[in-house]
Amino acid sequence: MDSLLNRLGISDRPSGVYSDHWHPQPEGAEVESINPATGAVIRSVTLAGRGDYEQILSAACRSFQIWRNLPAPRRGQLIRELGAALRLHKRDLGMLVTLEAGKIVSEGQGEVQEMIDMCDFAVGLSRQLYGLTMPSERPDHRLFEQWHPLGPVGVITAFNFPVAVWAWNACLAAVCGDSVIWKPSPLTPLTAIAVQNIANRILEPAGLAGLFPLCLGTGDTVGSWLCQDRRIPLVSFTGSCQVGKLVARSVADRLGRSLLELGGNNAVIVTPSADQELALRAVVFAAVGTAGQRCTTLRRLIVHESIIDPFTERLVGVYRSIRIGDPAHDDTLMGPLIRLSAVERMLGALARAESEGGRILYGGRRLERAGNFVEPTLVRADASMAIVREETFAPILYLIPYRELDEAIAWQNDVDQGLSSAIFTERLREAEQFLSARGSDCGIANVNIGTSGAEIGGAFGGEKETGGGREAGSDAWKAYMRRQTCTVNFGTQLPLAQGIKFDLGGG
Ligand code: UN1
C-alpha cells in the first residue's frame with residue numbers, strides 16, 4: 001500500500017489544499033481516510049480553512065483570466081496531455097479508488113477509464129463549441145450566437161465516483177475556458193490528492209498551476225462557501241437530493257447557476273417477452289455493482305406477474321453465488337459499503353420494509369467481519385409500500401409484480417427522483433411505449449440493458465428531484481459557458497425589429 005501511495009505522490013500527512021501550490025499546513029480540521037474493507041486508517045488529511053479557501057479563489061480567478069484567452073483547441077491540447085497522464089497512472093489510481101472507496105478492481109479501473117474517455121471527448125469538443133447563425137429579419141444584418149467561458153466553476157463530488165465525476169466536469173469546463181475548484185467528498189480525500197498530483201504534472205510546466213485547485217473540506221465549510229461565493233458563476237453538485245436542495249437554494253439566492261446530479265430510485269421493468277438470461281445479468285450488475293452505491297443503482301424490479309416467481313428463483317440463485325469480500329481481489333464482485341452509518345441505514349430500511357409487509361427473500365444481514373460488508377438483499381414488495389419510494393444507498397432490490405404495462409410504467413415513474421430506467425422486452429411496441437412521451441419520465445431510459453453503467457457520450461442526469469442537470473457527453477458543455485447573442489449591422493440604415501418606426505424627424 002505504501003508504495004502505491006508513494007507512486008501517486010501521497011505523503012504520510014497529506015495536505016488537502018492546492019491553490020497554485022500545495023499548502024503545507026492548511027487551517028482546517030483533520031479527517032481520516034479509512035479503508036472501508038478493513039476499517040484501517042490509510043492517512044490523515046488536513047482540510048482547508050477560510051484563509052486557504054481565499055487563496056484558492058484568487059488562484060482560480062487569476063488562472064481563469066489567462067486560460068479564457070487561449071484558443072479552445074489549445075485548451076484541448078492540455079486535456080489531451082491529461083488523458084495521456086491518466087493512461088499512465090490508470091492502474092495505480094484505480095487501485096487507490098479500490099482502497100479508499102471500496103470499489104472492486106474492475107470498477108476502480110473503469111472509473112479511471114471514464115476519466116480518460118472524458119479527456120478524449122473534451123479534446124474533440126474543443127474544436128466544436130458551436131454557436132448558431134440565424135437569418136436576421138433585417139436587411140444587411142447578421143444575427144448569431146457565440147459561447148464564452150463562464151468563470152471559475154465549483155465542483156462538489158461524492159464518494160461513490162471519487163474521480164470520474166470530477167473529470168466529467170473538469171474536462172468540459174477546461175475546454176470551455178473555465179478554471180475548476182474541486183471539493184471532493186471528505187470520505188475519499190486521497191484519490192482527489194492523487195488526481196491533483198497527476199494533473200499538476202501537466203499544469204505546472206505549462207504555467208497554469210491555478211487552473212484546477214483542490215479544496216478539501218466539509219459541506220458546512222467549503223461546500224457552503226462555494227455556494228455563496230459570487231465569484232463562482234456555476235456550482236456543480238453530485239450527491240443526495242437532501243443536500244442538493246440546500247445547494248440549489250443557496251446558489252439561487254445569489255442567482256448563480258447550479259448543475260445538480262442528485263439521487264435516483266431507478267427501476268427495471270421485465271415483461272413476459274423479455275430475454276430473461278439477459279435481464280438477469282443486467283439486473284444483478286445494476287443492483288449489486290458498487291455495492292448498490294451508484295446513483296444509477298437498480299432499486300426496484302417490476303416484473304410481470306406471470307414470470308416473477310421463476311425469475312425471482314433464478315435471481316436468488318445468482319445472489320447466492322455473489323462473491324463478497326476484499327474489493328482488491330480480482331474475483332470479488334461486491335465490496336463493502338463506504339461506512340458504518342451506511343450499513344445501519346440499510347438495516348433500518350430493511351426493518352421498515354418488513355414492517356410495511358415486505359418479505360426478505362435473500363440477504364438482509366451485515367457480515368461478521370471487519371469492514372462494512374453486507375449481503376446484497378432481495379425484498380418481495382408491492383408498489384404501495386412507502387420505503388420502496390425512498391432511495392437507500394445500499395444493495396437492496398425490491399421486487400414488485402405487475403399486470404399491465406401501463407401500470408408498471410406508472411409505478412416506475414411514481415417516485416420523487418427521475419434518473420435512470422429500463423425495460424426488458426423483445427416486443428417493439430412495449431419498448432417504444434416505454435421510450436415515448438407517455439413512457440419513462442427519467443433522464444435515462446434504456447431497452448435491454450440495465451440502469452447503471454452509462455457511457456460518457458450521452459448527457460448524464462435526470463429529472464424531478466434528481467435535479468435536472470446534464471453532465472458528460474452530448475451538449476452538456478453548454479452549462480459551462482455563457483451564451484451571447486450578437487447582431488451586426490453592416491448596412492447604412494437602422495431598420496428596427498418588429499417593423500417599429502422611431503422617426504426622429506428632419507434633423
Ligand atoms: C453516480 O453514481 O453518481 O452510469 C454516477 C453510471 C456511471 C455514473 C454513475 N457511469 O452508473
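It should be noted that the structure appears before, not after, this text.
Residues numbered from 1 in each chain as written. Predicted model: local features only at pLDDT ≥ 70, side-chain atom pairs only at ≥ 80, totals over all residues. Heavy atoms only, no water.

Trainee: Teacher, can you tell me more about the packing of aromatic side chains here?
Mentor: How two aromatic rings sit relative to each other is given by the distance of their centres and the angle of their planes. Enumeration according to the criterion identifies eight aromatic pairs in this entry. A ring pair is formed by W147 and W477, whose centres lie 5.2 Å apart and whose planes are at 70°; its orientation type is edge-to-face. Linking W147 in strand β5 (residues 141-149) with W477 in the loop between β21 (471-472) and β22 (481-489), this pair joins segments that are 330 residues apart in sequence. Accessibility expressed as a relative area gives 11% for W147, which makes it buried. Classification of W477 as buried rests on a relative accessible area of 5%. Each ring, one from F159 and one from F393, has its centre 6.1 Å from the other, and the planes form 85°; the classification is edge-to-face. One end of the pair, F159, is in the loop between β6 (153-156) and α6 (164-175); the other, F393, is in the loop between β14 (377-380) and β15 (396-402), and 234 residues separate them in sequence. Looking at F159, the relative accessible area reads 13%, which means it is buried. Here F393 falls in the partly exposed class, since its relative accessible area comes to 25%. One aromatic cluster is present, built from ring pairs that chain together W166, W182 and F212. (Phe/Tyr/Trp six-rings, centres within 6.5 Å; stacked < 30°, edge-to-face > 60°. Helix = DSSP H or I, 4+ residues; strand = E, 2+ residues; numbered from the N terminus. Buried < 20%, exposed > 50% of the residue type's maximum accessible area, 1.4 Å probe, protein only.)

Trainee: Even after reading the chapter, I still don't get the pattern of salt bridges, so can you show me in this structure?
Mentor: Side chains that differ in charge, positive against negative, can pair when their charged atoms come close. Enumeration over the complete set of coordinates arrives at 24 salt bridges. The shortest N-O distance in the salt bridge between R13 and E30 comes to 2.9 Å. A residue pair is termed long-range when its members are at least 10 positions apart, and R13 in the loop between α1 (2-7) and β1 (17-18) and E30 in strand β2 (residues 30-34) qualify at 17 residues. Overall, the relative accessible area of 57% leaves R13 in the exposed class. Where salt bridges share partners, they join R50, E54, D229 and R231 into one cluster. (Salt bridge = Lys/Arg side-chain N within 4 Å of Asp/Glu carboxyl O.)

Trainee: Is there a simple way to explain the environment of S136 in this structure?
Mentor: Position of S136 among the secondary structure elements: in the loop between β4 (133-134) and β5. A C-alpha to C-alpha distance of 8.3 Å links S136 and T487, two positions 351 residues apart in sequence. When sequence neighbours within four positions are dropped, the list of residues in contact with S136 reads H141 and L143. Among the polar contacts made by the side chain of S136, one reaches the main-chain amide nitrogen of R138 at a distance of 3.0 Å. (Contact = heavy atoms within 4.5 Å. Polar contact = N/O pair within 3.5 Å; in protein donor to acceptor, adjacent residues only side chain to side chain.)

Trainee: Just checking my understanding: could you explain the site of the ligand for this structure?
Mentor: Neighbouring the ligand are E114, N160, F161, W168, E261, R294, C295, T296, S452, G453, A454 and F460. A distance of 2.7 Å separates an oxygen atom of the ligand from a polar backbone atom of C295. For the ligand, an oxygen atom lies 2.8 Å from a polar atom in the backbone of G453. Within the complex, the protein chains bury 99% of what would otherwise be the 320 Å² of accessible surface of the ligand. Class assignment for the residues of the shell around the ligand results in five nonpolar, four polar and three charged. The residues that make up the shell around the ligand include at least three from each of domain 1 (2-262 + 467-485) and domain 2 (266-459). (Near = heavy atom within 4 Å. Areas by Shrake-Rupley, 256 points an atom, 1.4 Å probe, with all protein chains shown as cover. Nonpolar A, V, L, I, M, F, W, Y, C, P; charged D, E, K, R; others polar. Domains from an automatic or database assignment.)

Trainee: How should I be thinking about a nonpolar patch on the surface in this particular structure?
Mentor: A surface patch of nonpolar side chains, about 610 Å² in accessible area, is lined by L494, L496, I500, F502 and L504. Following the sequence through the fold, L494 ends up in the segment after β22. Residue L494 is classed as exposed on the basis of its relative accessible area, which comes to 68%. (Patch = residues over 30% accessible without salt bridge, like charges linked within 9 Å, V, L, I, M, F, W, Y side chains within 5 Å.)

Trainee: Help me out: how do you make sense of unusual backbone geometry in this one?
Mentor: Across residues other than glycine, the phi torsion is negative in most instances, and most of the peptide bonds are trans. One non-glycine residue with positive phi stands out, namely N448, at about 65°. Here A472, not a glycine, exhibits a phi torsion of approximately 70°, which is positive.

Function cannot be inferred from these measures alone, as they are strictly geometric.
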